[in-house]
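Next come the chains, spelled out residue by residue.
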Amino acid sequence: MQPQDLVDEVAEALVVPSFTRVGHAMRRRLYDWVPLQELSMRGRVVMVTGPTSGLGEVTATTLARMGARVGLIARDADKAEATRERVAATTGNDDLVVYVADMSDLASVRRATSEIAENEAAVDVVINNAGSLLTSRRTSVDGYEMSFATMVLGPFVLTGGLMPVLERSDDARVITVTSGGMYLQGLDLDDLQMEREPYRGTVAYARAKRAQVVLTRLWAARQRGTSVVAHAMHPGWADTPGIEGSLPGFRRLMGPLLRTPEQGADTIAWLAAAPEVAETTGKLWLDRRPRAFDRLPSTRVTTEEAMRLWDACVELTESTTA
């Protein structure tokens, strides 16, 4: 083991130095990262969900600056257009397009996938970033728990619907933005939407994030041998509007140790652009390095359980993805 790998593993085991801005700064130096501006995205088409603030807007801005055509998939057309104007003004890249979709509304997601398929000759990267952390249980227009609908069912429909468009690219990538919180939760396959136990928003969020990682590995397995790879990443603890609004106590506690949105989004853009990423699939990343899927034995998901989740998503979304 190289000395820098040992330092990295110790930081990862201790969690706090790994997930905060300390870990990002340390790894950037230890591994002599290639600056994102040296990785071109010219000629590449990227779709980003949740692009109007936080990590999503930073990701869209970064990829536009790298030369990509960026599709902004957002539920609020006015906010999306304002974001499009900001990104264009900041980057000088006006090759940006808005697609309106509420990721918790399956019909809305399907309309957007159809529109994208009609408008884009191919899509090279899909970034599933939209999230929802609630303090009380709410349901979507389809009747599903909102966090599960937004972060599991909506992306399942989007990814499946865009797979034929992704397969038109000779180097396509599905990138899902998860959370370190998923390390604390497994899946309750008999109560995926927390209908039976008392609702806790942070638990629902973490379980949805765990489900995202499980589905990432399943998409990777299904697409193995094609031009499409699938990866998940978590950004560490970044100071975003979501953290400020949903976890104010945590934000006050961590204070200046929180990462900037740019630090949190770095690995998203790197996964979209770095040539070596296409050589592997089904990984979970933090700071440009693959990470373990589990920290606790109780959170591990067997192959049978993973397929139960897949089948539940197919049934709930009435998907044709077998």
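Details of the structure are given in the entry above.
J.: Explain the pairing of strand S6 (residues 228-233) to me, please; I cannot follow it from the model alone.
T.: Regular strands show a simple pattern: their side chains alternate between the two faces of the sheet. With respect to burial, S6 is a largely interior element, six of its six residues being buried. Both faces of S6 are covered, namely the face carrying Val-228, Ala-230 and Ala-232 and the face carrying Val-229, His-231 and Met-233. Alignment of strand S5 (residues 172-177) against S6, held across six bridges, turns out to be parallel. Bridge pairing in S6 places Val-177 opposite Met-233.

J.: Can you help me understand the side chain of Glu-57 in this one?
T.: Mapping Glu-57 onto the fold places it in helix H4 (residues 54-65). Aside from chain neighbours lying at most four places away, what touches Glu-57 is Gly-50, Pro-51, Thr-52, Thr-83 and Arg-86.

J.: Please explain the layout of surface pockets as it appears in this structure.
T.: Summary: where empty space remains is shown by rolling a probe the size of a single water molecule over the atoms. Within this model, the second largest pocket holds a volume of roughly 350 Å³. Residue lining of the second largest pocket: 18 residues in total, with Leu-36, Gln-37, Thr-62, Glu-262 and Asp-266 positioned closest to the centre. Going through the elements one at a time, helix H3 (21-30), H4 and helix H11 (261-273) are the ones with two or more residues in the lining of the second largest pocket. For the lining of the second largest pocket, the per-class residue count stands at seven nonpolar, six polar and five charged.

J.: Is there a simple way to explain the sheet that holds strand S8 (residues 289-291) in this structure?
T.: The pairing of strands in a sheet happens through backbone hydrogen bonds and is either parallel or antiparallel. The strand order across the open sheet formed by eight strands is S3-S2-S1-S4-S5-S6-S7-S8, and the pairing between neighbours is mixed. Only two strands of the sheet have a single neighbouring strand rather than two, namely strand S3 (96-100) and S8. The sheet shows a mean angle of 25° between the axes of neighbouring strands, taken without regard to direction. Across the sheet, helix H5 (residues 77-91) touches strand S2 (69-74) and S3, and the angle it forms with S3 is around 165°.

J.: So what exactly am I meant to see when it comes to H5 here?
T.: One turn of the α-helix equals 3.6 residues, which is why residues spaced by three or four share an orientation. Counted at 1.5 Å a residue, the expected span for H5 with its 15 residues is 21 Å, and the 21 Å between its end C-alpha atoms agrees. Each element contacted by the buried residues of H5 is listed here: H4, S2 and S3. Gly-92 occupies a position one or two residues after H5 and carries a positive phi of about 75°.

J.: I would appreciate a short explanation of the environment of Arg-291 in the present structure.
T.: Tracing the backbone through its elements, the reader meets Arg-291 in strand S8. Arg-291 gets classed as buried once you look at its relative accessible area, which sits at 10%. For Arg-291 and Val-70, which are 221 residues apart along the polypeptide, the C-alpha to C-alpha distance reads 28 Å. For Arg-291, the side chain forms a polar contact with the side chain of Asp-8, separated by 3.0 Å. Only 3.5 Å separates the side chain of Arg-291 from the backbone oxygen of Arg-289, close enough to count as a polar contact.

J.: Please explain the nonpolar core as it appears in this structure.
T.: One recurring pattern in soluble globular proteins is that nonpolar side chains are buried together. Within the largest apolar cluster, 47 residues are counted, with the highest numbers of intra-cluster contacts made by Ile-73, Val-123, Leu-166, Leu-215 and Leu-309. Listing elements by their share of this core, those giving two or more residues are strand S1 (45-49), S3, helix H6 (106-119), helix H7 (146-166), S5, helix H8 (201-223), S6 and helix H12 (303-317). In contact with Val-123, other than residues within four places in its own chain, are Val-45, Met-47, Ile-116, Val-165, Leu-166, Ser-169 and Ala-172.

J.: How should the pattern of salt bridges be read in this particular structure?
T.: Side-chain pairs of opposite charge can arise where the charged atoms are in close proximity. Under the counting rule described, the total for this entry stands at 21 salt bridges. Among the salt bridges present, the one from Asp-287 reaches Arg-27, with a minimum N-O distance of 2.7 Å. Taken together, the residues Asp-287 in the loop between strand S7 (283-286) and S8 and Arg-27 in helix H3 connect sequence positions 260 residues apart. Note on Asp-287: relative accessible area 1%, which makes it buried. Accessibility expressed as a relative area gives 0% for Arg-27, which makes it buried. Among the charged side chains, a salt-bridge network with shared partners connects Asp-5, Asp-8, Glu-12, Arg-27, Arg-259, Asp-287, Arg-289, Arg-291 and Arg-295.

J.: Would you explain the pairing of S1 in this entry?
T.: Within S1, five of the five residues are buried, leaving the element largely enclosed by the surrounding structure. Side chains Val-45, Met-47 and Thr-49 of S1 all project onto a buried face; the interleaved residues Val-46 and Val-48 project onto the opposite face, where all are buried too. Summarising the sheet, S1 and S2 pair through five bridges and their orientation is parallel. Bridge assignment links Val-45 to a residue of S2, and that residue is Arg-69. As defined by bridge partners, S1 adjoins strand S4 (residues 125-128) across three bridges and the pair is classed as parallel.

J.: How should empty space enclosed by the protein be read in this particular structure?
T.: In total, this model carries three cavities of 30 Å³ or more according to the counting rule given. Within this model, the largest cavity holds a volume of roughly 100 Å³. Taken together, Asn-128, Met-151, Val-152, Pro-155, Phe-156, Thr-159, Val-174, Thr-176, Gln-212, Leu-215, Thr-216 and Trp-219 form the lining of the largest cavity. Of all the secondary structure elements, the ones that give two or more residues to the lining of the largest cavity are H7, S5 and H8. Residue composition of the lining of the largest cavity, by class: seven nonpolar, five polar and no charged.

Rules and cut-offs
- Residues numbered from 1 in each chain as written.
- Predicted model: local features only at pLDDT ≥ 70, side-chain atom pairs only at ≥ 80, totals over all residues.
- Heavy atoms only, no water.
- Buried < 20%, exposed > 50% of the residue type's maximum accessible area, 1.4 Å probe, protein only.
- Helix = DSSP H or I, 4+ residues; strand = E, 2+ residues; numbered from the N terminus.
- Pairing = 2+ DSSP bridges.
- Contact = heavy atoms within 4.5 Å.
- 1 Å grid on protein atoms, 1.4 Å probe; cavity = no way out; pocket = protein on both sides within 12 Å on 5 of 7 lines; lining within 4 Å.
- Points joined across faces, edges and corners; volume = space filled by probe spheres on them.
- Nonpolar A, V, L, I, M, F, W, Y, C, P; charged D, E, K, R; others polar.
- Axes fitted to C-alpha atoms, helices over the stretch in contact; angles between N-to-C directions.
- Expected span 1.5 Å × (residues − 1).
- Polar contact = N/O pair within 3.5 Å; in protein donor to acceptor, adjacent residues only side chain to side chain.
- Core = buried A, V, L, I, M, F, W, Y, C linked by side-chain atoms within 4.5 Å.
- Salt bridge = Lys/Arg side-chain N within 4 Å of Asp/Glu carboxyl O.

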